[in-house]
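Spelled out, the chains give:
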Amino acid sequence: AQSVTQPDIHITVSEGASLELRCNYSYGATPYLFWYVQSPGQGLQLLLKYFSGDTLVQGIKGFEAEFKRSQSSFNLRKPSVHWSDAAEYFCAVGPGYNTNAGKSTFGDGTTLTVKP
Amino acid sequence: DTEVTQTPKHLVMGMTNKKSLKCEQHMGHRAMYWYKQKAKKPPELMFVYSYEKLSINESVPSRFSPECPNSSLLNLHLHALQPEDSALYLCASSQDRGGAAQNIQYFGAGTRLSVL
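Thresholds, definitions, all that
- Residues numbered from 1 in each chain as written.
- Chains lettered and ligands numbered in written order.
- Predicted model: local features only at pLDDT ≥ 70, side-chain atom pairs only at ≥ 80, totals over all residues.
- Heavy atoms only, no water.
- Helix = DSSP H or I, 4+ residues; strand = E, 2+ residues; numbered from the N terminus.
- Rg over C-alpha atoms; globule rule 2.2 N^0.38 Å.
- Buried < 20%, exposed > 50% of the residue type's maximum accessible area, 1.4 Å probe, protein only.
- Contact = heavy atoms within 4.5 Å.
- Lys, Arg positive; Asp, Glu negative; His and termini not counted.
- Charge placed at Lys NZ, Arg CZ, Asp CG, Glu CD.
- Pairing = 2+ DSSP bridges.
- Axes fitted to C-alpha atoms, helices over the stretch in contact; angles between N-to-C directions.
- Disulfide = S-S within 2.5 Å.
- Salt bridge = Lys/Arg side-chain N within 4 Å of Asp/Glu carboxyl O.
- Phe/Tyr/Trp six-rings, centres within 6.5 Å; stacked < 30°, edge-to-face > 60°.

Enquirer: Would you explain the overall build of chain A in this entry?
Expert: Looking only at helices and strands, chain A features zero helices and twelve strands. Sequence-ordered secondary structure for chain A, helices as α and strands as β, is β-β-β-β-β-β-β-β-β-β-β-β. By the compact-globule yardstick of 13 Å for 116 residues, chain A fits well, its C-alpha radius of gyration being 14 Å. Counting only C-alpha atoms, chain A reaches 45 × 30 × 25 Å along its principal axes. Among the 116 residues that make up chain A, the fraction classed as buried is 47%. Look at the contacts in chain A between residues 6 or more apart in sequence, and 55% of them connect residues 24 or more apart.

Enquirer: What is the right way to look at the overall build of chain B in this model?
Expert: The helix and strand inventory of chain B stands at zero helices and eleven strands. Against the 2.2 N^0.38 benchmark of 13 Å for 116 residues, chain B shows a C-alpha radius of gyration of 14 Å, consistent with a compact globule. Reported as C-alpha extents along the three principal axes, the dimensions of chain B are approximately 45 × 25 × 20 Å. Among the 116 residues that make up chain B, the fraction classed as buried is 49%. Pairs at least 24 residues apart make up 56% of the contacts formed inside chain B by residues separated by at least 6 positions. Separation between the mean location of the 13 positive side-chain charges and that of the 10 negative ones in chain B comes to 5 Å.

Enquirer: So what exactly am I meant to see when it comes to the sheet that holds strand β3 (residues 18–25) of chain B here?
Expert: Residues and elements named next belong to chain B. Strand order in this open sheet of four strands is β1-β3-β8-β7, and the pairing throughout is antiparallel. The outermost strands of the open sheet, each flanked by one partner alone, are β1 (4–7) and β7 (64–70). Averaged over all neighbouring strand pairs, the angle between strand axes comes to 20°, with direction disregarded. Bridge count for β3 against strand β8 (residues 73–79) is seven bridges, and the pairing is antiparallel. Of the residues in β8, the one forming a bridge with K22 is N75.

Enquirer: When you look at the state of the cysteines in this model, what are you seeing that I'm missing?
Expert: Within this structure, the stated rule accounts for two disulfides over all chains. Each sulfur of the disulfide joining A:C23 and A:C91 lies 2.0 Å from the other. On the sign convention where negative means left-handed, the S-S torsion of about -65° between A:C23 and A:C91 marks this disulfide as left-handed. Within this pair, whereas A:C23 is found in the loop between β3 (19–21) and β4 (24–26), its partner A:C91 is found in strand β10 (residues 87–93), the two being separated by 68 residues in sequence. With respect to class, A:C23 is no different from A:C91; both count as buried. Through a disulfide, B:C23 is tied to B:C91; the S-S separation comes to 1.9 Å. Its torsion about the S-S bond being -70°, the disulfide of B:C23 and B:C91 is classed as left-handed. Of this pair, B:C23 sits in strand β3 while B:C91 sits in strand β9 (residues 87–94); the two residues are 68 residues apart in sequence, bridging distant segments of the chain. Per residue, the accessibility class of B:C23 equals that of B:C91, and both read buried.

Enquirer: Which parts of the structure should I look at to understand the pattern of salt bridges?
Expert: Two side chains carrying opposite charge are able to pair once their charged atoms lie near each other. Going through the model one piece at a time under the given rule, you end up with eight salt bridges over all chains. Across the pair A:R77 and A:E66 runs a salt bridge, and its minimum N-O distance is 3.3 Å. Within this pair, whereas A:R77 is found in strand β9 (residues 73–78), its partner A:E66 is found in strand β8 (residues 64–68), the two being separated by eleven residues in sequence. Among the salt bridges present, the one from B:E24 reaches B:K22, with a minimum N-O distance of 3.9 Å. Via salt bridges that share partners, A:E64, A:E66 and A:R77 belong to a single interconnected network.

Enquirer: Help me out: how do you make sense of the packing of aromatic side chains in this one?
Expert: Aromatic ring pairs are described here by two measures, namely the spacing of the ring centres and the angle between the planes. Per the stated rule, a full pass over the model turns up 14 aromatic pairs over all chains. Three or more aromatic residues joined by ring pairs make a cluster, and in this case those are A:Y32, A:F34, A:Y36, A:F51, A:F106, B:Y33, B:Y35 and B:F107.

Enquirer: Sorry, what's going on with the pairing of β1(B) here?
Expert: Sheet faces and side chains relate simply in a regular strand, where the side chains alternate between the two faces. Residues and elements named next belong to chain B. With burial as the criterion, only one face of β1 is covered, namely that bearing V4 and Q6; the residues T5 and T7 on the opposite face remain uncovered. Where β1 lies against β3, four bridges are found, and the strand directions are antiparallel. Opposite T7, over in β3, you have K22 as the bridge partner.

See the structure below:
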């Protein structure tokens, strides 16, 4: 069974500082991996995804993530955080190639607070 | 257009009421999802429709009744809900074809439901 762990429940960074949010997954084959962001009272917005190929993926809003198969990790990074990045971040693993639409598994989320 | 539209944005209902949530997408997606999300928690999958047929029901109580009248529209009918059903209800859609693209889910902004 697939699972996703986000070890950090809450992270606080200063505006302009760098950010790394951790994500570890458990999956039997090559995973499809996602990072979503959710602002208060809003739906989830896809930041970036990894399906195959280059292990460093670029996303929207200046975010990037690196897939490391040996560590079963897909950590999200941003070199300089803006106050508007304060939100909830979810890592997710998808149901896999050539399966019908099905379950994605979400981590429990990391709340990002940005200090002025 | 990558928009999933959910109405209403907010809903307050009594335990004896009947109400419906609506979700619409015009991206040609053939898979649509209902999620329930409690505060500070990840989304929990409730139902998946694939090509207008119910493909996944995550043992959701019968007081929640989904309906997919056509490929663009998804409803969630609510009847005799309990206060613990108060949550953010999210709709999502994906392509649902073989291959990686099917895994990308696009989320609506959600309906904030309060059951009194």
